[in-house]
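Structure at a glance
Okay, here's what each chain looks like letter by letter:
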Amino acid sequence: MTINPAAGKPADPSILVNVPKLVTAYYELRPDVSDPRQRVVFGTSGHRGSAMEVAFNEWHILAITQAICDYRKLQNIDGPLFLGMDTHALSEPAFASAIEVLAANSVDVMLSEGTPYTPTPAVSHAVLLHNRARKSGLADGIVITPSHNPPDDGGFKYDPPHGGPADSSVTSWIESKANVFLERGLDGVKRTQFAKALRAPTTHKHDFLSAYVSDLNNVVDMNAVRDAKIKLGVDPLGGAGIDYWPRIAEQYGLDLTIVNQSVDPTFRFMSVDWDGKIRMDPSSTYAMQRLIALKDKFDIAFASDTDHDRHGIVTKGSGLLPPNHYLSACVSYLFANRPNWSEDVAVGKTVVSSSMIDRVSARLGRRLYEVPVGFKWFVEGLLAGRLGFGGEESAGSSFLRRDGSVWTTDKDGIVPCLLSAEITARAGKDPGEIYRELTRELGDPVYERIDAPATPEQKAALARLSPSDIHAAEVAGQPIQKILTTAPGDGNPIGGIKVIARDGWFAARPSGTEEIYKIYAESFLGQNHLRQIEEEAQTIVSETLARSAQAA
């Protein structure tokens, strides 16, 4: 990747989003359904896009919400729908559009009480609590967020009654139905006025904040954190947890400093990311410059992204921990310090997460459950208590309650932050120190993700590859041991390939939104070996795609 000269620096006023212009575009522009970029498209985390590019506007949300209402009827989902949103500029207009349709369809909607914003995990938590031991009247949820995406983006995702991200069969149905509504000029979409929707007898208030915060001691040892009297720092990055952290500090008696209490839809307080854009990514050293600069003031510090479903952990000795490092430390600590978890509970990871997690799991004697990219693949395992932990290399994770029952089935950016405090309090060392101990015993890997250009045809071909399409016998001087196109844990397609040797591996997957493919690579033999893996990975993929094109 080419690093922008502005990366890590305060945002220049010239790049700030024009919020009035953005909101005007949301209401005034109409999607052209003949343009694939302007249709409803559900990726791994819902429908996302910018109103400026006519990819996320009023018509999209009206159509998607009606499709969700129709899906609920089809599935006999007749309990309440928990609705949350983050602090992006387009979240408020999308919230209004969704309420207008939900009220017109007589859906019982639960809106946040006390704070306008609701983190993704608080919605999942609310759905699961309502549905516990129920067979009927099941609840589901909608979260309005594009996660850590730039300020001009909006996002809209649906959580079925299991409380986690909807699987592909559900999102495909909703996507198809919504596009039909767009094609018909919204014919069939029920809608009422916003003010009337707020007064509707089906519109209710729900205290997401109190329910979530009051339950935290059942998933993290908050008493140990309090008693250790460690100094904590948190940056909510202007996101949906802005009112959650003060309540957490007060309720559990924590020495917690909120280093940034700003909520601003331009996110002008951020340092810009690697590409010169504002992005609220807690795993990016460029975006996290302010908190990294404060690391010596705290025993442990952390941040969450805009909808608080990702985490970033900052320690005195290591600075910002790469997500794979922290996931490895979490697995090592949790499975050794949760005595009420079953011995059969497994470790969940995605196929592009570090193999250090594999080695830590083997050291613990725990089964590894490796799935394709996307948190939705962990939902059933977490719900049933078969997975103690599920983690992604992109800093998304969740884990079971201390008694071994489900906490959330969506990513939770808050509890991994608080777990870093528990680890520091109970182990007497921070997660960075724990990871360094693991490397001395299990090896010290280097990991990187790079992007390479790809045409739509090449991306489609990459997603269809089978192991027999790879003709190489070795990678970076070592024999290839395995070639995967399906995940070992659940057998689902990974949408690309993963090539594994003894001391390193690479995976290649097409991007769902850009004309690129992504190469993930890791080596346990150092930086030079990693570079060799990356170079050979690009050669292997390019040659394979060329042969595929010739065969076609």
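First things first, this report covers the structure right here in the doc. Remember, predicted model here, so these are calculated numbers, not experimental data. (Residues numbered from 1 in each chain as written. Predicted model: local features only at pLDDT ≥ 70, side-chain atom pairs only at ≥ 80, totals over all residues. Heavy atoms only, no water.)

1. Focus: unusual backbone geometry
Positioned with a positive phi, Asn76 is a non-glycine residue whose angle comes to about 60 degrees. Position of Asn76 among the secondary structure elements: in the loop between α2 (58-74) and β3 (81-85). A positive phi angle, close to 60 degrees, is found at Ser106, a residue other than glycine. Relative to the assigned elements, Ser106 resides in the loop between α3 (91-104) and β4 (109-112). (Helix = DSSP H or I, 4+ residues; strand = E, 2+ residues; numbered from the N terminus.)

2. As for the side chain of Ser50
Looking at the element boundaries, Ser50 is found in strand β2 (residues 46-50). Discounting chain neighbours no more than four positions away, the residues touching Ser50 are Leu22, Ala55, Phe56, Asp152 and Asp153. (Contact = heavy atoms within 4.5 Å.)

3. Details of the pairing of β3
Taken across its five residues, β3 has five buried, putting it largely inside the fold. Side chains Leu81, Leu83 and Met85 of β3 all project onto a buried face; the interleaved residues Phe82 and Gly84 project onto the opposite face, where all are buried too. Two strands pair when backbone bridges link them, and β3 and β4 are joined in this way by two bridges, in the parallel orientation. For Leu81, the partnering residue across the bridge sits in β4 and is Val109. For the crossover from β3 across α3 to β4, the handedness is right-handed. Here β3 pairs with strand β5 (residues 140-144) via five bridges, running parallel. When the sheet's bridge partners are listed, Leu83 is paired in β5 with Ile142. (Buried < 20%, exposed > 50% of the residue type's maximum accessible area, 1.4 Å probe, protein only. Pairing = 2+ DSSP bridges. Right-handed = clockwise from strand over helix to strand, strands pointing away.)

4. Quick notes on the layout of surface pockets
Taken as a whole, the second largest pocket encloses approximately 370 Å³ of empty space. As for the second largest pocket, its lining consists of 17 residues, of which Ser355, Asp358, Glu370, Lys482 and Ile500 are closest to the centre. Elements with a minimum of two residues in the lining of the second largest pocket: α12 (356-364), β14 (368-371), β20 (482-486), β21 (493-500) and β22 (504-510). The residue inventory of the lining of the second largest pocket, partitioned by class, reads seven nonpolar, three polar and seven charged. (1 Å grid on protein atoms, 1.4 Å probe; cavity = no way out; pocket = protein on both sides within 12 Å on 5 of 7 lines; lining within 4 Å. Points joined across faces, edges and corners; volume = space filled by probe spheres on them. Nonpolar A, V, L, I, M, F, W, Y, C, P; charged D, E, K, R; others polar.)

5. Re the sheet that holds β2
Reading across from one edge, β1-β2-β6-β5-β3-β4-β7 is the order of the seven strands in this open sheet, with mixed pairing throughout. A strand with exactly one partner marks an edge of an open sheet, and here the two such strands are β1 (42-43) and β7 (203-206). Bridging between β1 and β2 involves two bridges; their strand directions are antiparallel. Counted as the bridge partner of Phe42 is His47 from β2. Helix-sheet contacts for α3 involve β3, β4, β5 and β6 (153-159), and the interaxial angle to β3 is about 160 degrees. (Axes fitted to C-alpha atoms, helices over the stretch in contact; angles between N-to-C directions.)

6. Looking at empty space enclosed by the protein
Evaluated as defined, the whole model comprises three cavities of 30 Å³ or more. If you add up the space inside the largest cavity, you get close to 60 Å³. Along the walls of the largest cavity sit Phe42, Gly43, Thr44, Ser45, Gly46, Lys157, Tyr158, Pro165, Ala166 and Thr171, which together make up its complete lining. Looking at the lining of the largest cavity, the elements with two or more residues in it are β1 and β6. Residues that form the lining of the largest cavity fall into these classes: four nonpolar, five polar and one charged. What the second largest cavity holds in volume is close to 40 Å³. Around the second largest cavity, the lining residues are Asp235, Leu237, Phe269, Met270, Ser271, Ala287, Met288, Arg290 and Leu291. Among the residues forming the lining of the second largest cavity, the class breakdown is six nonpolar, one polar and two charged.

7. What about the packing of aromatic side chains?
Enumeration over the complete set of coordinates arrives at twelve aromatic pairs. Aromatic side chains Tyr26 and Tyr27 sit 4.9 Å apart centroid to centroid with 90 degrees between the ring planes, which places their arrangement in the edge-to-face category. On the accessibility criterion, Tyr27 (30% relative accessible area) is partly exposed. Put simply, the rings of Tyr26, Tyr27 and Phe56 touch in pairs and so form one group of aromatic residues. The aromatic ring of Phe524 is capped on one face by Arg359, whose charged end is 3.5 Å from the ring centroid. Note that Lys498 overlies the ring of Trp505, its terminal NZ or CZ placed 4.5 Å from the centroid. (Phe/Tyr/Trp six-rings, centres within 6.5 Å; stacked < 30°, edge-to-face > 60°. Lys NZ or Arg CZ within 6 Å of the ring centre and 35° of its normal.)

8. What to know about the pattern of salt bridges
Within this structure, the stated rule accounts for 33 salt bridges. A salt bridge links Glu183 to Arg39, with the nearest nitrogen and oxygen atoms 3.1 Å apart. Of this pair, Glu183 sits in helix α5 (residues 168-183) while Arg39 sits in the loop between α1 (19-28) and β1, and the two are 144 residues apart along the sequence. According to the relative accessible area criterion, Arg39 is partly exposed, its value standing at 24%. Lys316 is the salt-bridge partner of Asp299, the closest N and O atoms lying 3.9 Å from each other. (Salt bridge = Lys/Arg side-chain N within 4 Å of Asp/Glu carboxyl O.)

9. What about the sheet that holds β20?
What the five strands build is an open sheet, ordered β17-β23-β22-β21-β20; its pairing is antiparallel. Every interior strand has two partners, whereas the edge strands, β17 (446-453) and β20, have only one. Between one strand axis and the next, the sheet turns by 15 degrees as a mean value, whatever way the strands run. The pairing of β21 with β22 spans four bridges and is antiparallel. The residue of β22 that forms the bridge with Val499 is Phe506. Across the sheet, helix α17 (residues 527-551) lies against β17, β21, β22 and β23 (516-523), angled at about 145 degrees from β23, the strand it touches most.

10. Points about the packing of α1 against α3
Interhelical geometry of α1 versus α3 gives an angle of 25 degrees and a closest axis separation of 10 Å. Here α1 is positioned roughly parallel relative to α3, judged by the angle of their axes. At the point where α1 passes α3, the crossing takes the right-handed sense. Between α1 and α3, the contacting residues are Val23, Tyr26 and Tyr27 on the first element and Pro93, Ala94, Ala96 and Ser97 on the second. Classifying every residue of the contact of α1 with α3 by side-chain character gives six nonpolar, one polar and no charged. (Parallel < 35°, antiparallel > 145°, perpendicular 65-115°, else oblique. Left-handed = near helix turned anticlockwise from the far one by under 90°.)

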